[in-house]
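Close look at the chain arrangement
Here's the letter readout for the chains.
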Amino acid sequence: MPALTLPGARVGDNRGMRVVSLVPSLTELVWGLAPGALVGRTRFCDAPAEMAAAVPAFGGTKDPDVAGIVRVQPDLVLANREENRAEDVAALREAGLEVLVTEIETVEEALAAIAEIGRRLGAEAAAAALVADVRAAAAEPPGAAEGVRVFVPIWRRPLLGLGGQTYGGDVLRVCGAVNVLADRPRYPEVTLEEVAALEPDIVLLPDEPYRFGEAHAAEFAGVAPARLVDGRWLWWYGPRMAESFRALRQVLAEARA
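The following paragraphs examine the structure supplied in this document. (Residues numbered from 1 in each chain as written. Predicted model: local features only at pLDDT ≥ 70, side-chain atom pairs only at ≥ 80, totals over all residues. Heavy atoms only, no water.)

**Overview of the overall build of the chain**
Test applied: Each helix is a run of DSSP H or I of at least 4 residues and each strand a run of E of at least 2, with the numbering of both proceeding from the N terminus. Put simply, the radius of gyration uses C-alpha atoms, and a globule should come to 2.2 Å times the residue count raised to 0.38. Only protein chains enter the accessibility calculation, which uses a 1.4 Å probe. A residue is then buried if its area is under 20% of the maximum for its type, exposed if over 50%, and partly exposed in between. We call two residues in contact whenever any of their non-hydrogen atoms come within 4.5 Å of each other. Residue exposure ignores everything except the shown protein chains as possible cover, and the areas themselves are Shrake-Rupley values with a 1.4 Å probe.
Helix and strand content of the chain: 11 helices and 10 strands. Its C-alpha atoms give the chain a radius of gyration of 19 Å, near enough to 18 Å, the size a compact globule of 257 residues would have. Counting the 257 residues in the chain, one finds 50% classified as buried. Nonlocal contacts in the chain, meaning residues at least 24 apart in sequence, comprise 59% of its contacts between residues at least 6 apart. Surface accessibility of the chain: about 11200 Å² in total, with carbon and sulfur atoms responsible for 53%.

Rendered as structure tokens:
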């Protein structure tokens with residue numbers, strides 16, 4: 001990946017692009033591909049730390065500061081159909097800004113978004129290298145992770161699980177695991193009894209969107225052994241994808257140890 005520089009510097013051939021990202025993982029992606037293009041983010045876009053220290057925040061993912069974004073005159077605003085509200089996208093477009101709304105439910109769709117954003121930034125070579133790295137990681141043998149049955153809660157009360165047609169669910173598939181809720185729509189509400197009947201081998205407790213912690217592990221004792229994991233492994237697409245696949249496979253393999 002190219003060396004990181006402060007916003008305002010021209011990196012590679014980004015054609016002087018000015019980008020505001022309303023999606024934490026895409027913010028990290030832009031910073032990795034062409035940091036000089038990034039002129040705005042949300043307060044939830046906090047990685048990497050040097051980016052958060054250098055780039056101003058304009059509200060959150062659900063309540064962006066539309067007027068502030070308009071003032072910095074970006075050439076492109078990045079949004080996501082799931083993470084951002086349609087009314088905010090409409091307001092930005094009504095103000096004359098171009099908004100690229102991504103819809104990412106699979107690893108392949110994430111790779112297509114990386115390539116497209118790289119093209120928009122004039123950073124095609126860096127994006128292609130990242131895509132190749134992710135594909136190589138995805139193709140690695142899952143080893144002992146193969147066939148491990150997984151339940152991932154994403155909210156506590158009510159208890160919501162990671163279902164099918166989701167990026168996180170596809171990440172589990174790529175890692176060789178079996179998502180016990182893969183046949184359910186997206187984020188279904190479930191009970192512990194329902195999940196136990198599906199016989200998962202492991203419960204993965206991510207720290208986002210709900211911040212599961214050690215104190216919650218005991219709640220799933222009747223379902224399967226629980227393991228805390230970095231939620232970004234399952235939700236963030238971009239520079240960390242290859243690392244996330246490998247980390248998840250390691251955790252899943254340990255479930256069989």
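What follows picks up the thread again.
**Some thoughts on the nonpolar core**
Applicable threshold: Each nonpolar core is a collection of buried residues, namely Ala, Val, Leu, Ile, Met, Phe, Trp, Tyr and Cys, held together in the definition by side-chain atoms within 4.5 Å.
Ranked by size, the top nonpolar core spans 59 residues in total, and within it Leu121, Val150, Tyr167, Leu204, Met241, Phe245 and Leu252 carry the most contacts. For this core, the secondary-structure elements that each account for two or more residues are helix 1 (24-33), strand 3 (76-80), helix 5 (107-121), helix 6 (124-139), helix 7 (167-174), strand 9 (202-206), helix 10 (232-235) and helix 11 (241-254). Of all hydrophobic cores here, the second largest spans 13 residues; its members include Leu159, Leu181, Val203 and Val223.

**Points about unusual backbone geometry**
With an omega dihedral of 0°, the bond running from Arg157 to Pro158 counts as a cis peptide bond. With respect to the secondary-structure elements, Pro158 resides in the loop between strand 6 (153-155) and strand 7 (160-161). Residue Glu208 is joined to Pro209 through a cis peptide bond whose omega torsion reads 0°. Looking at the secondary structure, you find Pro209 in the loop between strand 9 and helix 9 (214-217). The residue Gln73 is not glycine, and still its phi comes out positive at about 55°. Under the relative-accessibility criterion, Gln73 is labelled exposed at 58%. At Gln165, a position not held by glycine, the phi torsion is positive, near 55°. By secondary structure assignment, the location of Gln165 is in the loop between strand 7 and helix 7.

**A few points about the pairing of strand 9**
Going by this rule: DSSP-based pairing: two strands are paired if at least 2 bridges between them are found.
With five of its five residues buried, strand 9 lies for the most part within the structure. Burial of strand 9 is two-sided: the residues Ile202, Leu204 and Pro206 facing one way and the residues Val203 and Leu205 facing the other way are all buried. As paired strands, strand 5 (residues 149-151) and strand 9 are joined by two bridges and run parallel to one another. Bridging from a neighbouring strand, Val150 pairs with Ile202 of strand 9. Alignment of strand 9 against strand 10 (residues 226-229), held across four bridges, turns out to be parallel. Bridged to Leu205 within strand 10 is Leu228.

**Here's the deal with the packing of aromatic side chains**
Defined as follows: Here is the rule: rings of Phe, Tyr and Trp (six-membered ring for Trp) pair when centre to centre is within 6.5 Å. Planes less than 30 degrees apart are stacked, more than 60 are edge-to-face, and the remainder are tilted. Whether a charge sits over a ring depends on NZ of Lys or CZ of Arg being within 6 Å of the ring centre and within 35 degrees of the ring normal.
Under the criterion given, the structure shown has five aromatic pairs. Centroid distance Trp155 to Tyr210: 5.3 Å. Interplanar angle 75°. Geometry classified as edge-to-face. In this pair, Trp155 sits in strand 6 while Tyr210 sits in the loop between strand 9 and helix 9, placing the two residues 55 residues apart along the sequence. Ring geometry for Tyr167 and Tyr237: centres 5.2 Å apart, planes at 85°, overall edge-to-face. Of this pair, Tyr167 sits in helix 7 while Tyr237 sits in the loop between helix 10 and helix 11, and the two are 70 residues apart along the sequence. Accessibility expressed as a relative area gives 5% for Tyr167, which makes it buried. By relative accessible area, Tyr237 is classed as buried at 5%. Taken together, the aromatic side chains of Phe151, Trp155, Tyr210, Phe212 and Phe220 make up a single cluster linked through ring pairs. Between the NZ or CZ atom of Arg232 and the centre of the ring of Trp236, over which it lies, the distance is 4.4 Å.

**Side note on the sheet that holds strand 3**
Threshold: Every axis in this analysis is a line fitted to C-alpha atoms, fitted for helices over the stretch in contact. Angles between the N-to-C directions lie between 0 and 180 degrees.
Strands sit in the order 2-1-3-4 across an open sheet of four strands; the sheet is parallel. Taken across any chain shown, the strands that pair with only one partner, and hence form the sheet edges, are strand 2 (38-40) and strand 4 (99-102). Averaged over all pairs of adjacent strands, the angle between strand axes in this sheet comes to 30°, irrespective of strand direction. Sheet analysis places strand 3 next to strand 4, joined by four bridges and oriented parallel. Opposite Val77, over in strand 4, you have Val99 as the bridge partner. Here helix 4 (residues 86-94) sits on the sheet and contacts strand 3 and strand 4; the angle it forms with strand 4, its principal contact strand, is near 155°.

**A short note on the sheet that holds strand 8 (residues 178-179)**
Read across the sheet, four strands follow the order 8-5-9-10 without closing on themselves; strand pairing throughout is parallel. Here the strands that pair on one side only, and so sit at the sheet edges, are strand 8 and strand 10. Where helix 11 meets the sheet, it contacts strand 5, strand 9 and strand 10, and its direction lies at approximately 140° from that of strand 9.

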